[in-house]
Structures are given as structure tokens and as C-alpha cells.
Amino acid sequence: MSTARPHAPVTVYTRPGCPYCFLLRRGLRRRDITFAEINIWADPDTAAAVRAVADGNETVPTVHVAGQWLVNPSAAVVDQLARN
């Protein structure tokens with residue numbers, strides 16, 4: 001049985017080998033935030049979506065949560081938005 005509390009859907013856009021993505025994923029797991037993860041190098045459409053919200057850059061991690069796009073957020077910020 002999971003102890004995770006309900007929250008808004010969280011999607012984390014990443015790419016392989018990104019240390020900031022690793023840290024964000026670890027922080028979200030520690031806070032019991034479930035999330036979908038998408039590798040932007042494997043999906044050109046999601047890479048374009050990230051560029052659209054990151055001033056034309058493929059900056060990761062980029063997160064979509066509670067109707068907002070966040071570029072390189074902390075796990076605490078994602079947690080707060082997801083639970084409100």
C-alpha cells in the first residue's frame with residue numbers, strides 16, 4: 001500500500017546523464033511525489049515544448065505541474081505546487 005498523498009500530475013522532462021535531473025528525481029521521490037519522466041532526446045515534440053518554455057534552450061529538468069512550466073526547479077517548489 002502506498003503512503004503517497006494525492007497531488008496534481010507532475011511531468012519531468014529530462015535527458016540522459018543530467019545531474020540536475022538526477023537530483024530533482026531523488027528529491028521528488030523523497031517527498032513521495034510520483035511523476036512521469038520524458039527523455040527529450042527521444043521525443044522531438046517534447047524537446048520543442050521544452051525549448052518553447054526555456055527561451056529556446058533545451059534546459060532540463062523542466063517540469064510541468066499544476067498548469068505551470070518550471071525550468072530547473074527545486075523539488076520543494078514542485079512539491080508545493082503539486083500539493084496545492
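Values in this document were obtained by computation on a predicted structure and should not be read as measured data.

If you walk through the whole model with that rule in mind, you get 4 salt bridges. Ionic pairing is found between Glu37 and Arg25, a salt bridge with its closest N-O pair at 3.0 Å. Here Arg25 lies in helix α1 (residues 19–30) and Glu37 lies in strand β2 (residues 36–39), a separation of 12 residues in the sequence. On the accessibility criterion, Glu37 (39% relative accessible area) is partly exposed. As a salt-bridge pair, Asp79 and Arg31 come within 3.9 Å of each other at their nearest N and O atoms. Highlighted residues: Asp79 in helix α3 (residues 75–83) and Arg31 in the loop between α1 and β2, separated in sequence by 48 residues. Relative accessible area serves as the criterion here: at 14%, Asp79 is assigned to the buried category.

Turning our attention to the sheet that holds strand β3 (residues 62–65). The strand order β2-β1-β3-β4 describes an open sheet built from 4 strands, whose pairing is mixed. Bordering the open sheet on either side are β2 and β4 (68–71), each of which pairs with just one other strand. Recorded for the sheet is a direction-independent mean angle of 20° between the axes of neighbouring strands.

Time to look at the environment of Ile40. Here Ile40 shows up in the loop between β2 and α2 (44–53). Residue Ile40 is classed as buried on the basis of its relative accessible area, which comes to 3%. When the C-alpha positions of Ile40 and Thr59 are compared, they lie 9.9 Å apart, and in sequence the two are 19 residues distant. Not counting chain neighbours up to four residues away, the residues in contact with Ile40 comprise Tyr13, Thr14, Arg15, Thr46, Ala47, Val50, Glu58 and Val60.

A word on the pairing of β3. Direction of pairing for strand β1 (residues 10–14) relative to β3: antiparallel, over a ladder of 4 bridges. In the strand pairing of β3, Val12 is matched with Val63. Where β3 lies against β4, 4 bridges are found, and the strand directions are antiparallel. Along β4, the bridge assignment pairs Thr62 with Val71.

Right, let's get into the pairing of β1. β1 sits mainly inside the fold: 5 of its 5 residues count as buried. Residues Val10, Val12 and Thr14 of β1 are buried on one face, and the alternating residues Thr11 and Tyr13, pointing to the opposite face, are buried as well. Of the strand pairs in this sheet, β1 and β2 are connected by 4 bridges, and their pairing is parallel. Note on β2: the bridge partner recorded for Val12 is Glu37. In the classification by handedness, the crossover that spans β1, the intervening α1 and the parallel β2 is right-handed.

Cut-off values and rules
Residues numbered from 1 in each chain as written. Predicted model: local features only at pLDDT ≥ 70, side-chain atom pairs only at ≥ 80, totals over all residues. Heavy atoms only, no water. Salt bridge = Lys/Arg side-chain N within 4 Å of Asp/Glu carboxyl O. Helix = DSSP H or I, 4+ residues; strand = E, 2+ residues; numbered from the N terminus. Buried < 20%, exposed > 50% of the residue type's maximum accessible area, 1.4 Å probe, protein only. Pairing = 2+ DSSP bridges. Axes fitted to C-alpha atoms, helices over the stretch in contact; angles between N-to-C directions. Contact = heavy atoms within 4.5 Å. Right-handed = clockwise from strand over helix to strand, strands pointing away.

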